[in-house]
Amino acid sequence: MAGSTLAMRSSMVTPSTMRISSFSRVARPLRSNGFLQQQSFQRAAARRTYADAAPAPTPTPKPKKKFRFLRWTWRLTLLTGAGLTGMLAYSIYELRHPIEQIEPDPSKKTLVVLGTGWGSVSLLKKLDTENYNVIVISPRNYFLFTPLLPSCTTGLVEHRSIMEPIRNILRQKKGGVRFYEAEATKIDYEKRVVYISDDSEIKGEISHTEVPFDMLVVGVGAENATFGIKGVKENSCFLKEVGDAQKIRKRIMDCVETAMFKDQTEEEVKRLLHMVVVGGGPTGVEFAGEIQDFFNEDLKKWIPEIKDNFHVTLVEALPNVLPMFSKQLIDYTESTFKEESITIRAKTMVKNVTDKFIQAEVTKPDGSKELETIPYGLLVWATGNAVRNVVRDLMNQIPAQKNSRRGLAVNEYLVVNGAENVWAVGDCAITNYAPTAQVASQEGAFLARMFNTMAKTEAIEKELQHLSEIQSQAKNNDERNSVFDEIRERQKQLRRVKQIGPFQYSHQGSLAYIGKERAVADISWLSGNIASGGTMTYLFWRSAYLSMCFSTRNRVLVTVDWIKAKLFGRDVSRE
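As annotated in an unreviewed UniProt entry, the chain carries the name NADH:ubiquinone reductase (non-electrogenic) and is attributed to Aspergillus chevalieri. Checking UniProt for the chain, the heading Sequence similarities (unreviewed entry) contains the comment "Belongs to the NADH dehydrogenase family."

This is the structure we're talking about:
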């Protein structure tokens, strides 16, 4: 019966009922979607409310100005380093890849340059060699940076680091330059010939010959002055060439090792370890400072037995050392030497030299004089200059030079008095200036400018002569006026080129190392001088000498030597 009831209910379903049911099924999802949308709106509103309630994000703080400055400083340092590295690489490449040179032209004048010192090399560096047939004659085939020579005696700088092969310089010129490693033995002024001799150990079939010249530059330098004192040349060490520095280096270690020989007497030990320097100029002062540094920083560490007997004495005939410096710097130098235990014997004139002692005349404070004996193990002679034989012979050939004693007298254009087409530079020339490397370098640069001007003048004068011939052959006024305008232009150019005045020396200052990482400097600044001494001046001394080195190669090698000595110390071996 229950089953019949269900059957009846199912049979009672009408079409309208079915429509209502289907509508209900459709409507429920719509109500459900609206509910979901309402929920999503509520969640979004809640998120907005939460976002509004949440704290605002903290802004990133801007870097402070000082850090910004350091950042830009670092960037500038990197750029500067990259630029310097690029310049160094380019200079090395240029040095290693010389250009093709112009062959000598027989129609041009022959310019002979004697010597490879400061004056001659400065001339060659700035000379336009394509204007002349240039020949260089010198017994040494390198340029030597002499201000650092005292450092070579103690091993602080290697001698090859301050040598620049002359062919490295000449090979970089546009015009080809011939070099003969020989000594000029005689200059025949009348014949315009230089006689040269090959003094090397290896000789060919021809070891003596002559070189003709149209123009001659004498830059052979000077010898060490001994003032006729007996025994100086036989027993002293000089400090002018590389061989001198090597000899002093060996002599220092010979004295030390001989003093350490078994059963050596105390008196002999003191003599052997007494290093005497004669000459209170920059060379003598720098060597005294260098050898005392060598003892303080290296020798007494590895050979402590010598610390009580090693002593350095500086002998000077004048009342004080470094006479070209100001009184303030002289006093500072003397006080520094006193701290370093370097003895200064002023007003002491050497009269005689033996192999073990010197005899000197000492002027006492009361004016009286006394002869004193000073024993030594090493004697370094760092005094003035003397005339070389080839220069003295040339002076004897020229009547205008009969009153000259110290070298070739020259005029304001560095022309040798009484001679034509002969110039002199450096220590062999007598000028109103001290015979220093700075003077010689400026003299060489002046001659280069003058020779370049002379070549341009001759070229313009030849053009003027040629234009005059063209003008004389002109067929009409238009051609004549055109040539005349060109002549006037060449004449203006000729007047501009000829405007070169006489040589004028510009003093840049004086520098000297005094030991204990200190230096003194008397620098010209504007209309006055700046006198300075101390450790900062020592750093300036090093930077100045680096900048003065002839080539990038020399600067790099010297810097490496300084760093090597700072890290490992100086070598105390004999060789």
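There is more to say, and it comes next.
1. Some details on the overall build of the chain
Helices and strands together make up the secondary structure of the chain, namely 16 helices and 25 strands. For the chain, the residues scored as buried account for 41% of the 575 residues in total. Considering only intrachain contacts with a sequence separation of at least 6, the fraction spanning at least 24 residues in the chain is 65%. Within the structure as shown, the chain displays about 33600 Å² of accessible surface, and the carbon and sulfur contribution to it stands at 55%.

2. A look at the pattern of salt bridges
Note that side chains of opposite charge can pair when their charged atoms are close. Summed over all chains, the structure comprises 17 salt bridges. Ionic pairing is found between Glu-241 and Arg-140, a salt bridge with its closest N-O pair at 2.6 Å. Taken together, the residues Glu-241 in the loop between strand S11 (237-238) and helix H8 (242-259) and Arg-140 in the loop between strand S2 (133-138) and strand S3 (142-144) connect sequence positions 101 residues apart. A relative accessible area of 15% means that Arg-140 is categorised as buried. Two residues, Arg-345 and Glu-372, come together in a salt bridge whose shortest N-O distance is 2.6 Å. Pair noted here: Arg-345 is in strand S14 (residues 342-345) and Glu-372 is in strand S17 (residues 369-375), with a separation of 27 residues, a long-range link. Within this structure, Glu-297, Asp-298 and Arg-570 form a network of salt bridges that share partners.

3. A few points about the nonpolar core
In a soluble, globular protein the nonpolar side chains are often hidden away together inside. Counting 124 residues, the largest nonpolar core has Val-218, Leu-447 and Phe-451 as the members making the most contacts within it. Counting residues domain by domain, this core receives three or more from each of domain 2 (110-220 + 389-427 + 433-455) and domain 3 (237-386 + 507-568). With near-sequence residues (within four places) excluded, Leu-447 lies in contact with Leu-123, Val-217, Tyr-413, Leu-414, Trp-423 and Val-425. If you look at the next biggest cluster of nonpolar residues, it comprises 14 residues, including Ile-229, Val-350, Ile-358 and Ala-360.

4. A word on the sheet that holds S17
Taking strand neighbours across the sheet as the criterion, the three strands line up as S15-S16-S17 in an open arrangement whose pairing is antiparallel. If you trace the sheet from one side to the other, it starts and ends with strand S15 (348-353) and S17, each paired once. Averaged over all neighbouring strand pairs, the angle between strand axes comes to 30 degrees, with direction disregarded. Here S15 pairs with strand S16 (residues 357-363) via five bridges, running antiparallel.

5. Thoughts on the packing of aromatic side chains
For the structure on display, the rule yields 15 aromatic pairs. On the numbers, 4.9 Å between centres and 50 degrees between planes, the contact of Trp-541 with Tyr-545 is tilted. Taken as a pair, Trp-541 and Tyr-545 lie in helix H15 (residues 535-548) at a separation of four residues, close to a single helical turn. Linked through ring pairs, Trp-118, Phe-143, Phe-145, Tyr-513, Tyr-538, Trp-541, Tyr-545 and Phe-550 together constitute an aromatic cluster. Lying over the aromatic face of Trp-72, Arg-75 brings its terminal NZ or CZ to 4.7 Å of the ring centre. When the ring centre of Trp-562 is taken as origin, the NZ or CZ atom of Arg-542, which lies over that ring, is 4.2 Å away.

6. Description of the environment of Met-163
You can see Met-163 is positioned in strand S4 (residues 163-165). Distance in space between the C-alpha atoms of Met-163 and Leu-144 is 4.8 Å, their sequence separation being 19 residues. Aside from chain neighbours lying at most four places away, what touches Met-163 is Tyr-142, Phe-143, Leu-144, Val-242, Arg-553 and Asn-554.

7. Some thoughts on the sheet that holds strand S23 (residues 509-515)
Taken in spatial order, the three strands of this open sheet run S23-S24-S25, and their pairing is antiparallel. Because the sheet does not close on itself, it has two edges, and the strands there are S23 and strand S25 (528-534). Shown here is a sheet whose adjacent strand axes are inclined to one another by a mean of 10 degrees, direction ignored. In the sheet, strand S24 (residues 518-525) pairs with S25 via seven bridges, with the strands oriented antiparallel. Bridging from a neighbouring strand, Trp-525 pairs with Gly-528 of S25.

8. Some details on unusual backbone geometry
Phi at Asp-263 is positive, roughly 65 degrees, even though this residue is not glycine. Inspection of the secondary structure puts Asp-263 in the loop between H8 and helix H9 (266-272). Despite not being glycine, Ser-341 shows a phi value in the positive range, around 65 degrees. Mapped onto the elements, Ser-341 comes out in the loop between helix H11 (327-339) and S14.

9. A look at H8
For H8, with 18 residues, the first-to-last C-alpha span of 26 Å sits near the 26 Å given by 1.5 Å per residue. Residues of H8 that are buried: Val-242, Asp-244, Ala-245, Ile-248, Arg-249, Ile-252, Met-253, Cys-255, Val-256 and Ala-259.

10. A short note on helix H4 (residues 118-126)
Residue pairs spaced three or four apart in an α-helix point in one direction, given the helix's 3.6 residues per turn. The buried fraction of H4 amounts to seven of the nine residues, a majority that puts the element mostly inside the structure. Against the buried residues of H4 lie strand S1 (110-114), S2, S3, helix H6 (166-170), strand S9 (215-218) and helix H13 (437-472).

11. Comments concerning the packing of H15 against helix H16 (residues 552-568)
Packed helices, taken two at a time, are described by the angle between their axes plus the distance between the axes. The geometry of H15 relative to H16 is characterised by a closest axis approach of 9 Å and an angle of 150 degrees between their N-to-C directions. Overall, the two elements H15 and H16 adopt an arrangement that is roughly antiparallel. The hand of the H15/H16 crossing is right-handed. The residues of H16 that touch H15, namely those facing Arg-542, Leu-546 and Ser-547, are Arg-555, Val-558, Thr-559 and Trp-562. Residues of the contact of H15 with H16, tallied by class, amount to three nonpolar, two polar and two charged.

Rules behind the numbers
- Residues numbered from 1 in each chain as written.
- Predicted model: local features only at pLDDT ≥ 70, side-chain atom pairs only at ≥ 80, totals over all residues.
- Heavy atoms only, no water.
- UniProt positions renumbered as here; feature names shortened; annotations may be inferred.
- Helix = DSSP H or I, 4+ residues; strand = E, 2+ residues; numbered from the N terminus.
- Buried < 20%, exposed > 50% of the residue type's maximum accessible area, 1.4 Å probe, protein only.
- Contact = heavy atoms within 4.5 Å.
- Areas by Shrake-Rupley, 256 points an atom, 1.4 Å probe, with all protein chains shown as cover.
- Salt bridge = Lys/Arg side-chain N within 4 Å of Asp/Glu carboxyl O.
- Core = buried A, V, L, I, M, F, W, Y, C linked by side-chain atoms within 4.5 Å.
- Domains from an automatic or database assignment.
- Pairing = 2+ DSSP bridges.
- Axes fitted to C-alpha atoms, helices over the stretch in contact; angles between N-to-C directions.
- Phe/Tyr/Trp six-rings, centres within 6.5 Å; stacked < 30°, edge-to-face > 60°.
- Lys NZ or Arg CZ within 6 Å of the ring centre and 35° of its normal.
- Expected span 1.5 Å × (residues − 1).
- Parallel < 35°, antiparallel > 145°, perpendicular 65-115°, else oblique.
- Left-handed = near helix turned anticlockwise from the far one by under 90°.
- Nonpolar A, V, L, I, M, F, W, Y, C, P; charged D, E, K, R; others polar.

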